[in-house]
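# Geometric and topological summary
Now for the letters of each chain:
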Amino acid sequence: KVLMAQSGGNGSWAFKTNVAGLAIGNVNVAAETIINDGNDFPMTVHASVSYNGLKYYVGNSKLRHIAIQPEFRMWMHGEPFKGLFVGANLSYAYYNVGYIGVSKALKDNYYQGQLYGLGIAGGYQLEITDNIGIEASFGLGYANMRHDVYKKNRYMGKPRFETHNYIGPNKF
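Report follows, based on the coordinates.

Each value, and the rule that gives it
- Residues numbered from 1 in each chain as written.
- Predicted model: local features only at pLDDT ≥ 70, side-chain atom pairs only at ≥ 80, totals over all residues.
- Heavy atoms only, no water.
- Pairing = 2+ DSSP bridges.
- Helix = DSSP H or I, 4+ residues; strand = E, 2+ residues; numbered from the N terminus.
- 1 Å grid on protein atoms, 1.4 Å probe; cavity = no way out; pocket = protein on both sides within 12 Å on 5 of 7 lines; lining within 4 Å.
- Points joined across faces, edges and corners; volume = space filled by probe spheres on them.
- Nonpolar A, V, L, I, M, F, W, Y, C, P; charged D, E, K, R; others polar.
- Core = buried A, V, L, I, M, F, W, Y, C linked by side-chain atoms within 4.5 Å.
- Buried < 20%, exposed > 50% of the residue type's maximum accessible area, 1.4 Å probe, protein only.
- Contact = heavy atoms within 4.5 Å.

## Looking at the pairing of strand β4 (residues 43–52)
As paired strands, strand β3 (residues 27–36) and β4 are joined by nine bridges and run antiparallel to one another. Bridged to I34 within β4 is T44. Here β3 folds back onto β4 in antiparallel fashion, the turn holding six residues.

## A look at the layout of surface pockets
Counted as a void, the largest pocket has a volume near 1600 Å³. If you go around the largest pocket, you meet 47 residues; those closest to its centre are H65, A67, L115, N170 and F172. Residues that form the lining of the largest pocket fall into these classes: 25 nonpolar, 17 polar and five charged.

## Some words on the nonpolar core
Of all hydrophobic cores here, the largest spans nine residues; its members are A67, A93, Y95, V97, Y111, L115, A143, M145 and V149. Elements represented by at least two residues in this core include exactly β6 (83–98), β7 (109–127) and β8 (132–151). Ignoring any residue separated from it by four or fewer positions in sequence, one finds Y95 in contact with R64, H65, Y111, Q112, G113, Q114, L115, M145, R146 and H147. In terms of nonpolar packing, the next biggest core, distinct from the first, is built from five residues, A14, I34, W75 and F81 among them.

## Points about the environment of G119
Within the secondary structure, G119 sits in strand β7. With 52 residues separating them in the primary sequence, G119 and K171 have C-alpha atoms 8.8 Å apart. Those residues in contact with G119, other than ones at most four positions away along the chain, are G87, A88, N89, L140, G141 and N170.

Remember that the coordinates give geometry; whether it matters functionally is a separate question.
Here it is as structure tokens:
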């Protein structure tokens, strides 16, 4: 992730983008602001939005979505936007994905639905200059996905509805 920050006391903001997400066509932006700077472990609230409107990559494969992920963070080194942090996050996404060769289910099916989740995360933010930094983060969480499933030939019969519970990485 690349970070661009305005610093200077309480009320500072940081604006970010996820470079890895941009590489696969996800337009994304995040903002973070200080909510409590008066103790040894300052807290911030971070919110990211990601959108991919591309209908096709190769063949009929799709990875369309809009997702939001707010996160509360506690900074371990006494200063927000610097060093180690831990956090708790929520997730929501509306997705339209499928025909992707990473698994048999994704290769043979098309999924359209919603995701609701929560998780924990940790990361590190390295300051390069007063206004630019780099952040690496990783999270684990739970997500409940509810979607219609279409077979490869979308117009053959009605879709089936399914609910899937996921536990694993939810942020990187």
